[in-house]
Amino acid sequence: METVVEGKNSRVIISKTAPTVIIGERINPTGKKRLTAALKDRDFDFIIREAIRQVEAGAHIIDVNVGASGIDEEELLPEVVKRVADAVDVPICIDSSNPAALEAALKVCPGRPLLNSTTGEEKSLVTVLPLAKKYNVPVIALVNDERGIPKDTATRVVIAKKILDRAVSLGIAPEDILIDVLVLPIGADTETGKVTFDTARRVSEELGLNIVVGASNVSHGLPDRKVINTAFFALGAACGMTAYIADPTVVEITQTILAADLLLGKDEWAGNYISFYRKKEASKNAAA
Ligand code: THG
């Protein structure tokens with residue numbers, strides 16, 4: 001199952017046998033004062049630098065989310081998506097819970113961006129899936145519905161199947177549905193890691209779909225968050241995870257993902273692992 005995502009000058013393949021894809025999460029105002037101010041002031045240079053920095057750090061796709069109070073997403077999301085897509089070669093992941101904002105951004109985004117996201121909720125399925133069909137783009141589907149985020153694996157798999165069936169009935173190819181297995185803070189719910197990994201394994205094996213997850217949340221509220229996050233990436237790689245929404249500027253995160261790919265046979269002759277190491281050494285020497 002290969003999901004094809006394209007930027008203005010590039011193509012990224014998401015699949016179980018390809019290297020894990022990193023979707024850079026830093027263009028998101030959540031918890032970031034400086035970025036929130038840049039979005040409100042339309043300081044596009046700051047935002048573009050953030051995009052370039054993530055690509056240089058190893059991001060294969062750039063997530064763009066402008067959701068914050070006082071921001072009109074329908075107006076600002078297309079503007080930021082267009083500017084970021086023009087500034088970097090890599091594909092864009094258009095991130096909003098507002099379908100009108102998603103469509104406004106789809107209209108101006110070059111290539112074949114990733115749409116983020118639909119849920120299993122009826123109101124989301126009837127608005128977001130038709131956008132994926134109309135613009136012929138792959139879409140991320142979160143495994144929650146009207147009842148919230150299920151605590152158990154079985155219900156999550158049922159929701160994933162429901163979303164897949166609905167998409168296929170609209171003429172969307174299964175490879176254009178990526179299931180987001182939703183991890184919650186592990187400090188608040190000891191079962192969430194296991195449920196997330198089990199869901200990834202089952203959706204990957206039983207439905208054959210590609211899996212994505214935003215991992216930063218898992219360590220919320222605990223000390224030494226990086227340790228938990230990197231362990232999560234390594235374990236996920238063995239459970240069918242094919243893409244992560246993550247911060248690639250944290251070098252340990254990118255290196256852990258590269259090491260896991262190497263150990264799982266997704267990096268022939270350690271090419272990606274070694275070239276990342278060389279790049280890191282070169283920039284260290286340039287700084288010295
Ligand atoms: N699944 C999908 N899309 C998503 C998410 C997901 N999009 C949004 C989010 N979750 C992923 N993106 C982020 C972006 C930032 C943070 C977490 C997830 C974050 N920010 C720090 C904070 O709040 O403390 C700010 C820290 C900093 O300055 O770096 O954690 O799950 N499909």
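Residues numbered from 1 in each chain as written. Predicted model: local features only at pLDDT ≥ 70, side-chain atom pairs only at ≥ 80, totals over all residues. Heavy atoms only, no water.

**Comments concerning the sheet that holds strand β7 (residues 139-142)**
Reading around the circumference, β3-β4-β5-β6-β7-β8-β9-β10 is the order of the 8 strands in this closed barrel, with parallel pairing throughout. Here the strands of the sheet are splayed against their neighbours by 25° on average, with no regard to which way each runs. Bridging between strand β8 (residues 177-180) and strand β9 (residues 210-214) involves 3 bridges; their strand directions are parallel. Paired with Leu178 across the bridge in β9 is Asn210. Strands in contact with helix α8 (residues 225-237) are β9 and β10 (241-246); relative to β10, the strand with the most contacts, it is inclined by about 160°. (Pairing = 2+ DSSP bridges. Helix = DSSP H or I, 4+ residues; strand = E, 2+ residues; numbered from the N terminus. Axes fitted to C-alpha atoms, helices over the stretch in contact; angles between N-to-C directions. Contact = heavy atoms within 4.5 Å.)

**Thoughts on the site of the ligand**
Within the structure, the ligand sits among 14 residues, and Thr30, Asp95, Asn116, Asp180 and Ile245 are positioned closest to it. Here Asn116 contributes a side-chain N or O atom positioned 2.8 Å from a nitrogen atom of the ligand. A total of 670 Å² of accessible area belongs to the ligand in isolation, and the protein chains cover 67% of it. One can see that the ligand is located within the largest pocket. Residue assignment for the shell around the ligand shows that the elements contributing at least two residues are β3 (21-27) and β7. For the shell around the ligand, the residue count by class is 3 nonpolar, 6 polar and 5 charged. (Near = heavy atom within 4 Å. Polar contact = N/O pair within 3.5 Å; in protein donor to acceptor, adjacent residues only side chain to side chain. Areas by Shrake-Rupley, 256 points an atom, 1.4 Å probe, with all protein chains shown as cover. 1 Å grid on protein atoms, 1.4 Å probe; cavity = no way out; pocket = protein on both sides within 12 Å on 5 of 7 lines; lining within 4 Å. Sits in = over half its atoms within 2 Å of the grid points. Nonpolar A, V, L, I, M, F, W, Y, C, P; charged D, E, K, R; others polar.)

**Remarks on the packing of aromatic side chains**
Overall, the coordinates contain 3 aromatic pairs when judged by the stated rule. Here the aromatic rings of Phe233 and Tyr244 are separated by 4.6 Å at their centres, their planes lie at 80°, and the arrangement is edge-to-face. Residue Phe233 is found in helix α8, and its partner Tyr244 is found in strand β10; the two are separated by 11 residues along the sequence. Accessibility assignment for this pair places Phe233 and Tyr244 in one class, buried. Linked through ring pairs, Phe197, Phe232, Phe233 and Tyr244 together constitute an aromatic cluster. Here the guanidinium or amino end of Arg34 rests over the ring plane of Phe46, the centre of that ring lying 4.0 Å away. (Phe/Tyr/Trp six-rings, centres within 6.5 Å; stacked < 30°, edge-to-face > 60°. Buried < 20%, exposed > 50% of the residue type's maximum accessible area, 1.4 Å probe, protein only. Lys NZ or Arg CZ within 6 Å of the ring centre and 35° of its normal.)

**Regarding the environment of Val218**
Relative to the assigned elements, Val218 resides in the loop between β9 and α8. With residues near it in sequence (within four places) discarded, Val218 still touches Val183, Leu184, Pro185, Ile186, Gly187, Ile228, Asn229 and Phe232.

**Thoughts on the pairing of β10**
Here β10 lies mainly inside the structure; 6 of its 6 residues are buried. As paired strands, β3 and β10 are joined by 4 bridges and run parallel to one another. The partner of Ile23 across the bridge, within β10, is Ile245. As defined by bridge partners, β9 adjoins β10 across 4 bridges and the pair is classed as parallel. The residue bridging Ile211 from the neighbouring strand is Met241, located in β10. Taking the sense of rotation as the criterion, the β-α-β connection linking β9, α8 and β10 turns out right-handed. (Right-handed = clockwise from strand over helix to strand, strands pointing away.)

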